[in-house]
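For reference, the chains in residue letters:
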There are 2 protein chains.
Amino acid sequence: MTSLPSLLGDLDPTSDRAVFRQIADQLREAIDRGRFKEGEKLPSEAELVEHYGVSRMTVRNSFSVLQGEGLVHAEHGKGVFVRPRPPVRRLASDRFARRHREQGKSAFIVEADAAGSHPQVDSLEVKEEKASQDISTRLGSVRRVLARRRRYLLDGRPVEFATSYLPLDIARGTQIAEPNPGPGGIYARLEELGHHLDHFEEEIRARMPSPTEVKTLRLASGVPVIHLIRTAYDTEGRAVEVCDTVMAADAYVLSYQLPAT
Amino acid sequence: MTSLPSLLGDLDPTSDRAVFRQIADQLREAIDRGRFKEGEKLPSEAELVEHYGVSRMTVRNSFSVLQGEGLVHAEHGKGVFVRPRPPVRRLASDRFARRHREQGKSAFIVEADAAGSHPQVDSLEVKEEKASQDISTRLGSVRRVLARRRRYLLDGRPVEFATSYLPLDIARGTQIAEPNPGPGGIYARLEELGHHLDHFEEEIRARMPSPTEVKTLRLASGVPVIHLIRTAYDTEGRAVEVCDTVMAADAYVLSYQLPAT
DNA sequence: CTCGCCCACTCGTCTAGATACCTAAAGGAG
DNA sequence: CTCCTTTAGGTATCTAGACGAGTGGGCGAG
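Residues numbered from 1 in each chain as written. Chains lettered and ligands numbered in written order. Predicted model: local features only at pLDDT ≥ 70, side-chain atom pairs only at ≥ 80, totals over all residues. Heavy atoms only, no water.

(A) Local environment of the overall build of chain A. The number of helices and strands found in chain A is 10 helices and 10 strands. Compactness check: chain A gives a C-alpha radius of gyration of 24 Å against a globular reference of 18 Å for 261 residues, more than 25% above the reference. The C-alpha extent of chain A, read off along each of the three principal axes, is 70 × 45 × 40 Å. Expressed as a percentage of the 261 residues in chain A, the buried residues total 50%. Long-range contacts, defined as pairs at least 24 residues apart, comprise 59% of the intrachain contacts of chain A with a sequence gap of at least 6. A total of about 13,000 Å² of accessible surface is found on chain A, and carbon and sulfur atoms cover 51% of it. Of the side-chain charges in chain A, 37 are positive and 38 negative, and the distance between the mean point of each set is 3 Å. (Helix = DSSP H or I, 4+ residues; strand = E, 2+ residues; numbered from the N terminus. Rg over C-alpha atoms; globule rule 2.2 N^0.38 Å. Buried < 20%, exposed > 50% of the residue type's maximum accessible area, 1.4 Å probe, protein only. Contact = heavy atoms within 4.5 Å. Areas by Shrake-Rupley, 256 points an atom, 1.4 Å probe, with all protein chains shown as cover. Lys, Arg positive; Asp, Glu negative; His and termini not counted. Charge placed at Lys NZ, Arg CZ, Asp CG, Glu CD.)

Here it is, written out as structure tokens:
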């Protein structure tokens, strides 16, 4: 068996850096240098207790630092592992172009299939409800809205949770109010209904997830979420949809093109 | 003095939810409901130990949960406080439009002044260096680049750290290689040099900060970073600059306009 | 009144151990 | 051969206490 000292070095008792930080530093560095690879198991708490001659709480404290950085994750009864980086999904800024819409299936499905992963859509809920203050403002002072909620999964892993809000006078009684909005999604339906789309506006924030989001997206600790709020405007300048999306940040790269003019 | 029970309720010993999570839940809920306001001090560890009849480590564990969520922050010798949400800086997608460039001062300064805050640029470093693999690829296989590093502060708080990389054949010997690139910034200089800008491409990720980033941006725990990589293309399709930016996620909202075509 | 010290309060770090529960593999009963 | 039990080795949670180190207010000396 490889001895720990060869991988991990000693503590510096003269340093005023806390012991648990020194241990975290050494583990982090070992991970960065590839001494522990993605998915690989780190030394167990007991081994580190032995190696450094500290108490177990101190070792656990080190792990919790690394966990907060999203570098490792613990599995009860098994060990602590280097967190593998999942494949990311790239969202290009032309993802709502009409040419994509004119196909049959939803953008998510098409794209995932192309990337060779298994897509899934889940926990669909479509209902009328009272608009929150924020949604109401964005849609131009509507009281009630049609809300379409769904969760997207890639190879069984939830990656995104989204809710679309539409003014009732647009959506009620149309196929948009059905669980399955038909080919091309709700944007295709909106255009058929005479609401020709002009442009979208997207607002992006990043933050740590709420406990609910941790559950819904099955997030490991140390993984932030990207919160994206998109508003769709028709050619008359009216906001016809607001889509509120929370994405697992480790599963996404967003990409935008900006004109230089 | 207001008694804690009026704010915080009891533990449920029959629940299989860990005690420290129950405590964290109650504190989180109290914060969400506004019983503790932004910047306000939470009960001290000793008070919570007393109130719940648990050991101090258990209370600390609860705090560390909330800290990881970015909800609270501890100040040594003072207490644990509800983390105030700092004012955010909005980055609009037209922020690189020529009309903004034709003014004198840098976009950051102008914008911050307008918002009534005190802007500052800091730790400027301009030097030639070897391009990393990634930068080289983005710039089209260049070996060495001019790197311009700077840090942006708002009211004394660091909010963003950025490095621009330019091919040497473009930048060397020009004002771009000077610490102060002159009015309108490097994009104005590039255009003067005949590299007419056509469009930008931005890639956005969110993740937890590295220890270096925590230091540079003085980040509280539980605050992710937004990592933005922008590539500027001239009208001939050549990549003329790559700008790598790390932003404190709690200080920014990014905003983009997408055409619907 | 002012300055400086002390003390109470607060969070930070660490120890040493107890109990619970999860996982995987080995071994025995059927 | 299959299924259950046992066991070893992991992490999860919690306790009780010790010492360190910032912060800020009170109080006494001058």
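Picking up after the structure, the text goes on.
(B) Expanded view of the relation of the copies chain A and chain B. Superposition record for chain A on chain B: RMSD 0.1 Å, screw rotation 180 degrees, translation along axis 0.1 Å. Such a combination of rotation and displacement between the chain copies is what one expects of a two-fold axis. (Least-squares fit on C-alpha atoms with pLDDT ≥ 70 in both.)

(C) Spatial organisation of the packing of helix α3 (residues 45-52) of chain B against helix α4 (residues 56-68) of chain B. Residue and element names in this part refer to chain B. Between α3 and α4, the least distance of the axes is 9 Å, while the angle of their chain directions is 115 degrees. Judged by the angle between their axes, α3 and α4 are roughly perpendicular. Crossing angle aside, the handedness with which α3 passes α4 is right-handed. Residues E45, L48 and V49 of α3 form the contact with α4, whose participating residues are R56, V59, R60 and F63. Split by residue class, the contact of α3 with α4 holds four nonpolar, no polar and three charged. (Axes fitted to C-alpha atoms, helices over the stretch in contact; angles between N-to-C directions. Parallel < 35°, antiparallel > 145°, perpendicular 65-115°, else oblique. Left-handed = near helix turned anticlockwise from the far one by under 90°. Nonpolar A, V, L, I, M, F, W, Y, C, P; charged D, E, K, R; others polar.)

(D) View of the packing of aromatic side chains. Residues and elements named next belong to chain B. All told, the structure shown has nine aromatic pairs over all chains when counted by the stated rule. Seen from their ring centres, F96 and Y187 are 5.5 Å apart, and the 90 degrees between their planes marks the pair as edge-to-face. Residue F96 is found in the loop between β3 (89-91) and α5 (98-101), and its partner Y187 is found in helix α9 (residues 185-192); the two are separated by 91 residues along the sequence. Considered together, F96 and Y187 belong to a single accessibility category, that of buried residues. With a centroid separation of 5.0 Å and an interplanar angle of 40 degrees, the aromatic rings of F96 and F200 are classed as tilted. Here F96 is found in the loop between β3 and α5, whereas its partner F200 is found in strand β7 (residues 197-207), with 104 residues between them in sequence. Under the relative-accessibility criterion, F200 is labelled buried at 0%. (Phe/Tyr/Trp six-rings, centres within 6.5 Å; stacked < 30°, edge-to-face > 60°.)

(E) The protein's contact with DNA strand D, seen in detail. The environment of DNA strand D is made up of 23 residues, and the closest members are R56(A), V19(B), F20(B), S55(B) and T58(B). The sugar-phosphate portion of DNA strand D accounts for 62% of its atoms within 4 Å of the protein, the bases making up the rest. S55(B) places a polar main-chain atom, nitrogen or oxygen, 2.8 Å from a phosphate oxygen of DNA strand D. At a separation of 3.2 Å, a base nitrogen of DNA strand D approaches a polar backbone atom of G77(B). When residues of the surface near DNA strand D are traced back to their parent elements, those giving at least two are α4 (56-68), β1 (72-75) and β2 (79-82) of chain A together with α2 (19-32) and α4 of chain B. (Near = heavy atom within 4 Å. Polar contact = N/O pair within 3.5 Å; in protein donor to acceptor, adjacent residues only side chain to side chain.)

(F) Up close: the protein's contact with DNA strand C. The local shell around DNA strand C holds 24 residues, among which V19(A), F20(A), T58(A), R56(B) and R60(B) are the closest. Those atoms of DNA strand C that come within 4 Å of the protein belong to sugar or phosphate at a rate of 70%. Within the side chain of K78(A), a nitrogen or oxygen atom sits 3.5 Å from a phosphate oxygen of DNA strand C. Contacts to DNA strand C include H76(B), whose side-chain N or O atom sits 3.1 Å from a base oxygen. Where the surface near DNA strand C is concerned, the elements lending two or more residues are α2 (19-32) and α4 of chain A together with α4, β1 (72-75) and β2 (79-82) of chain B. Its residues placed into classes, the surface near DNA strand C shows eight nonpolar, eight polar and eight charged.

(G) Seen up close, the sheet that holds strand β9 (residues 239-248) of chain B. In spatial order, the strands read β3(A)-β10(A)-β7(B)-β8(B)-β9(B)-β6(B)-β5(B)-β4(B); together these eight strands make up an open sheet with mixed pairing. Strands with a single pairing partner mark the edges of an open sheet, and in this sheet they are β3 (89-91) of chain A together with β4 (119-130) of chain B. Averaged over all neighbouring strand pairs, the angle between strand axes comes to 15 degrees, with direction disregarded. Pairing analysis gives 10 bridges linking β4(B) to strand β5 (residues 144-154) of chain B, with the strands arranged antiparallel. Of the residues in β5(B), the one forming a bridge with V121(B) is Y152(B). (Pairing = 2+ DSSP bridges.)

(H) Representation of the sheet that holds β3(B) in the model. Taken in spatial order, the eight strands of this open sheet run β4(A)-β5(A)-β6(A)-β9(A)-β8(A)-β7(A)-β10(B)-β3(B), and their pairing is mixed. The sheet is open, and its two borders are formed by β4 (119-130) of chain A together with β3 of chain B, each paired with just one other strand. Averaged over all pairs of adjacent strands, the angle between their axes in this sheet comes to 15 degrees, without regard to strand direction.

(I) Region of the structure containing the interface of chain A and chain B. Between chain A and chain B, the contact holds 39 residues from the first and 39 residues from the second. Taken together, both faces of the contact between chain A and chain B bury some 3,300 Å²; the carbon and sulfur share is 58%. Ranking the residues of chain A by area buried against chain B places Y256(A), L258(A) and A260(A) at the top, with a combined share of 21%. The interface formed by chain A and chain B contains two salt bridges. (Buried area = accessible area lost by both parts, 1.4 Å probe. Salt bridge = Lys/Arg side-chain N within 4 Å of Asp/Glu carboxyl O.)

(J) Broad picture of the domain arrangement of chain A. When its domains are assigned, chain A resolves into domain 1 (5-82) and domain 2 (89-254). Taking only C-alpha atoms, the centre of domain 1 of chain A and the centre of domain 2 of chain A are 40 Å apart. (Domains from an automatic or database assignment.)

(K) Representation of the nonpolar core in the model. The biggest cluster of nonpolar side chains holds 80 residues, and the ones touching the most others in it are I204(A), L254(A), Y256(A), I204(B), L254(B) and Y256(B). The residues contacting I204(B), other than those within four sequence positions of it, are I204(A), Y252(A), V253(A), L254(A), Y256(A), I226(B), H227(B), L228(B), L254(B) and Y256(B). (Core = buried A, V, L, I, M, F, W, Y, C linked by side-chain atoms within 4.5 Å.)

(L) Structural context of unusual backbone geometry. Residue and element names in this part refer to chain A. Phi at D155 takes a positive value of approximately 50 degrees, unusual for a residue other than glycine. Take D155: it is sitting in the loop between β5 (144-154) and β6 (157-167). Backbone geometry places R218, a non-glycine residue, at a positive phi of 45 degrees. Along the chain, R218 falls in the loop between α10 (211-216) and β8 (225-234).

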